[in-house]
Amino acid sequence: MRLAVDLHSHSSYAGGVGKLDLKTVSTSMKLKGIDIFGSGDCLFPLRLKELQIQLEENAPGLYSCPGDKSKFVLQSEVIFTTMIPDHKNRIVAHHIILFPDFTTVTRMQLLLDKWGMKNSIGRPFLVSENREQLQDQLFEIANLHPLLEIIPAHIMTPDGIYGSRNNLQCLEEFYGGFMGNIRIIETGLSADPDMLADIPDLSDLTFISNSDCHSAALNRIGREFTIISADSISYNAVIKSLRENSIIMTVEFHPAEGRYYLTGHRSDRPHHKSAVFYDGELPADMICPVCGKRLLPGVKQRCADLRKKGSRTRNRKFLHLIPLVEVIAIAQRVRSVNSRAVISTFNSIVNIYGSEIALWMAEDIQEQLDKRVDPKTINKIITVQKGGFTFKPPGFDGLYGILHIGE
């Protein structure tokens, strides 16, 4: 069976997150068409207590609010940091961890306590002094349960394992002997499978996409997701699909929309009057011509640096999409994706197709929406479905790219 999964999110206890409750998330999941969603921050004590009170297991290893069909998998982002040879600065890398049950989450909390790790925000921060100690921590976590999964998150962004701040040349530099347990990577909002092609370390790994959302808004949940082929609706089946690369397709941000796509400096940095970014040849010294500081390398540059011609690649099916509410807002020339007019049109479309994902996968948009939705909105939706959109300027230095449809 086909399942749409979005396995990386955050709760109200993570930095930069407003109030976010499970019932609101569940409503957005149904509208978007997401079958299984990452709970976010399940290792944080207050969040874990919420999840234990509000959720009940309604399929093996999957949880729902009572009387609700939306399914959650227990998930947290965890930051690992260590020193490794030939690197002056600490390596800091964000990871997703998926848990099969509450018992395993609790056992992981006991490990954090044993290691003296503070858990004062949604993402635990695991510190080790060297790669050997990091390996021991990773193996101890993995040994909590055979179905626990550790996944490098948004691997090319500055805080990802291959990000510019780490400047690693291969994954084994960080993982050492644990490398054989890394089976899956998350592409992240500033990269897609094409950009990651020909990077040798990634050729045999499963690629997944997740929203990494900090909100239940309709332009956040499911902004990236993965469609898997699974034997059943269960945690075990999801992990089996991911480990065996039973991926039908990923649905991705266009990388140019991502906040770290290009190398550059935004205009509000000190001593800046204007932005600087590069979509071609870069300064040889990587120094900003405006402020004289080092430019923040973009994901596009990092991917190019890591590619090796002739490396084994795998054909991975994926699609670039824009959240439907953003398309409607542009068509109606409305600033807010939460405006009454946008939400009304969104609901009308979802009532026809059942979910946003079903709309994007359909081949009869013009026929089904004709005379039910205004022509400008229909035109924009079809244009996006065909890939007729771009970002000017693209994303760089923490700024999202600016969407233009039909150009």
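Refer to the structure presented above.
Summary of the structure given here.

What counts, and where the lines are drawn
- Residues numbered from 1 in each chain as written.
- Predicted model: local features only at pLDDT ≥ 70, side-chain atom pairs only at ≥ 80, totals over all residues.
- Heavy atoms only, no water.
- Disulfide = S-S within 2.5 Å.
- Buried < 20%, exposed > 50% of the residue type's maximum accessible area, 1.4 Å probe, protein only.
- Helix = DSSP H or I, 4+ residues; strand = E, 2+ residues; numbered from the N terminus.
- Pairing = 2+ DSSP bridges.
- Core = buried A, V, L, I, M, F, W, Y, C linked by side-chain atoms within 4.5 Å.
- Contact = heavy atoms within 4.5 Å.
- Salt bridge = Lys/Arg side-chain N within 4 Å of Asp/Glu carboxyl O.
- Phe/Tyr/Trp six-rings, centres within 6.5 Å; stacked < 30°, edge-to-face > 60°.
- Lys NZ or Arg CZ within 6 Å of the ring centre and 35° of its normal.

Examining the state of the cysteines
Working definition of a disulfide: a covalent bond connecting the sulfur atoms of two cysteines. The tally for this structure, following the rule as stated, stands at zero disulfides. Between Cys 42, a cysteine without a disulfide, and Cys 213, which holds the nearest cysteine sulfur, the sulfur-to-sulfur distance is 15 Å. Summary of cysteine pairing: Cys 291 is not part of a disulfide, and the nearest cysteine sulfur, belonging to Cys 288, is at 3.8 Å. When its relative accessible area of 17% is taken as the criterion, Cys 291 is described as buried.

What to know about the pairing of strand β5 (residues 71-82)
Among the 12 residues of β5, 12 are classified as buried, and the element is accordingly described as predominantly covered. Along β5, one buried face is formed by Lys 71, Val 73, Gln 75, Glu 77, Ile 79 and Thr 81 and the opposite face, lined by Phe 72, Leu 74, Ser 76, Val 78, Phe 80 and Thr 82, is buried too. Two elements, strand β2 (residues 36-38) and β5, share three bridges in a ladder whose sense is parallel. Its bridge partner being in β5, Gly 38 is matched across the sheet by Val 73. Where β5 and strand β6 (residues 91-99) come together, nine bridges link them in antiparallel fashion. Pairing of Ile 79 across the sheet is with His 94, part of β6. Pairing of β5 with strand β7 (residues 125-127), which is carried by three bridges, proceeds in the parallel orientation. Bridging across to β7, Phe 80 finds its partner in Leu 126.

Considerations on the nonpolar core
Ranked by internal contacts, the top residues of the largest apolar core, which has 101 residues, are Leu 196 and Leu 202. Beyond its immediate stretch of four places on either side in the chain, Leu 196 contacts Ile 155, Met 156, Ile 185, Thr 187, Ala 191, Leu 202, Phe 207 and Cys 303. Judged by nonpolar contacts, the second largest core, of 21 residues, contains Leu 98, Ile 208, Ala 237 and Leu 242.

Quick notes on the environment of Ala 275
Along the polypeptide, Ala 275 turns up in the loop between β13 (263-265) and β14 (276-278). Residues Ala 275 and Gly 264, spaced 11 residues apart in sequence, show a C-alpha to C-alpha distance of 7.6 Å. Not counting chain neighbours up to four residues away, the residues in contact with Ala 275 comprise His 265, Arg 266, Ser 267 and Phe 396.

Some details on the pattern of salt bridges
The full count for this structure, using the stated rule, is 15 salt bridges. One salt bridge in this structure joins Glu 129 and Arg 90, with 3.3 Å as the shortest N-O distance. Within this pair, whereas Glu 129 is found in the loop between β7 and α4 (131-142), its partner Arg 90 is found in the loop between β5 and β6, the two being separated by 39 residues in sequence. When its relative accessible area of 30% is taken as the criterion, Arg 90 is described as partly exposed. Close ionic contact of Arg 243 with Glu 149 constitutes a salt bridge, the shortest N to O distance being 2.6 Å. Of the two residues, Arg 243 sits in helix α7 (residues 235-243) while Glu 149 sits in strand β8 (residues 149-152), which places them 94 residues apart along the sequence. Of the residues examined, Glu 149 reaches a relative accessible area of 0% and is grouped as buried.

Here we look at the environment of Tyr 63
Along the chain, Tyr 63 falls in strand β4 (residues 62-64). A C-alpha to C-alpha distance of 9.6 Å links Tyr 63 and Tyr 235, two positions 172 residues apart in sequence. Discounting chain neighbours no more than four positions away, the residues touching Tyr 63 are Leu 55, Glu 56, Glu 57, Asn 58, Ser 70, Lys 71, Phe 72, Leu 74, Pro 100, Asp 101 and Phe 102.

Some points on the packing of aromatic side chains
Given two aromatic rings, their pairing is described by the distance between the two centres and the angle made by the two planes. Applying the stated criterion to the full structure yields eight aromatic pairs. Residues Tyr 13 and Phe 44 carry aromatic rings whose centres are separated by 5.1 Å and whose planes lie at 35° to one another, so their mutual orientation is tilted. Residue Tyr 13 is located in the loop between β1 (2-6) and α1 (22-32), and its partner Phe 44 is located in the loop between β2 and α2 (45-54); the two are separated by 31 residues in the primary sequence. For Phe 44, a relative accessible area of 9% gives the class buried. With 6.1 Å between their ring centres and 85° between their planes, Phe 389 and Phe 391 make a pair best called edge-to-face. The class of Phe 389 is buried, set by a relative accessible area of 7%. One residue, Arg 259, lies across the ring of Tyr 400, its end atom 5.7 Å from the ring centre.

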